[in-house]
Amino acid sequence: MQLNFTLGLLMGDGSFQINHWKKKYLQYRIMIKLKNEPENIKMLQDIRSYYNIGTININKDSVLWAINNKKEVRGFLELIKNHPLLNLKISTKIQKMIYSLDNSMSYNEYYFLEKDSNKWVWPFSEPLGRNNLSSFDEDMKWWFVGFAEAESCFCIRKNGNQSWSISQKGDLEILIIIKNYFELPNKILLKKCGTHVLETYNLKCCTKIIDFFNNYPLKGHKKVSFELFKIHLEGKQRSQKCRV
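Attention in this report is confined to the structure presented alongside it.

Calculation rules
Residues numbered from 1 in each chain as written. Predicted model: local features only at pLDDT ≥ 70, side-chain atom pairs only at ≥ 80, totals over all residues. Heavy atoms only, no water. Buried < 20%, exposed > 50% of the residue type's maximum accessible area, 1.4 Å probe, protein only. Helix = DSSP H or I, 4+ residues; strand = E, 2+ residues; numbered from the N terminus. Pairing = 2+ DSSP bridges. Phe/Tyr/Trp six-rings, centres within 6.5 Å; stacked < 30°, edge-to-face > 60°. Contact = heavy atoms within 4.5 Å. Arc of directions from axis to C-beta. Axes fitted to C-alpha atoms, helices over the stretch in contact; angles between N-to-C directions.

Details of the pairing of strand β4 (residues 62–67)
- Taken across its six residues, β4 has six buried, putting it largely inside the fold.
- Side-chain alternation along β4 places Ser62, Leu64 and Ala66 on one buried face and Val63, Trp65 and Ile67 on a second face that is also buried.
- Relative to β4, strand β2 (residues 25–35) runs antiparallel, the two being bridged by six bridges. Counted as the bridge partner of Ile30 is Ile67 from β4.
- Hairpin connection between strand β3 (residues 55–58) and β4: a loop of three residues separates the two successive antiparallel strands.

So this is what it looks like as structure tokens:
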């Protein structure tokens, strides 16, 4: 459960980084950065405690879980490298990080392999991305909780209408899977910035989403907006029953 949740959160609000120090040697980092809220702090502290790696840094605006130690980075990459929900972009970055670490690659060697973005020159096969997903199994459900924690929005508008949305840039497939699982009638829209957005105002669909998160709870600050959304929808449903 925890691994799938963590990976979903990473794919929404995290990053896998290969940096350099003055073009002399490579530095590796895995991190999740969130708004400084008590629920987010507790969630990242729980993640840090579960894996017993990385550090928690808190400032005025944000809270950060970061893995900077090479040994810890390599160990975490080994844990997630074959996860079926990795998309192509993240799977590729993970394989590059693993290869660079295992071969103690210099900055010049890394730059040589990265400089031609139109040609695959790394000395391993290009990753294929996630496996074909046909069902929302238990692993997928907890992955979705983490992903929704990062990328979803529970909205109550001034006119009393409600909507739930989720977005992702460069990964349309995962939104199609979510749309099909919740049987959402809405189209997935492509914004000018290149982000795909799935949004529904449908009361029945929003109720189905609430039922899901009642069974698979959100863990960070997103659960605050979820609870308000849930109260709003329950009040709306009671009002409709009274009018019948």
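Structural notes on the packing of aromatic side chains
- Within this structure, the stated rule accounts for 27 aromatic pairs.
- With centroids separated by 6.3 Å and ring planes inclined at 55°, the aromatic side chains of Trp164 and Phe182 adopt a geometry described as tilted. Linking Trp164 in strand β6 (residues 162–169) with Phe182 in the loop between α7 (172–181) and β7 (188–190), this pair joins segments that are 18 residues apart in sequence. Each member of the pair, Trp164 as well as Phe182, carries the same accessibility label: buried.

Description of the side chain of Ser165
- For Ser165, the location among the structural elements is in strand β6.
- Residue classification places Ser165 among the buried positions, given a relative accessible area of 15%.
- Once residues lying within four places of it in the same chain are set aside, the contact partners of Ser165 are Glu151, Ser152, Cys153, Val197, Leu198 and Glu199.

Notes on helix α5 (residues 107–114)
- Taken together, the buried positions of α5 are occupied by Tyr107, Tyr110 and Leu113. For α5, the buried positions fall inside an angular range of 130° around the axis, keeping them on one side. Away from its buried face, by an angle of more than 90 degrees, α5 presents the exposed residues Asn108 and Phe112.
- Tucked into the core, α5 has its buried residues touching β1 (14–21), β2 and α4 (88–102).

Here we look at the sheet that holds strand β8 (residues 195–200)
- Across the sheet, which stays open at both edges, the four strands sit in the order β5-β6-β8-β7 with antiparallel pairing between neighbours. Pairing within the sheet leaves two strands with one partner each, and these edge strands are β5 (152–156) and β7. Going across the sheet, the axis of each strand differs from the next one's by a mean of 25°, ignoring polarity.
- Where helix α6 (residues 138–151) meets the sheet, it contacts β5 and β6, and its direction lies at approximately 100° from that of β6.

All quantities given are derived from atomic positions and should not be read as evidence of function.
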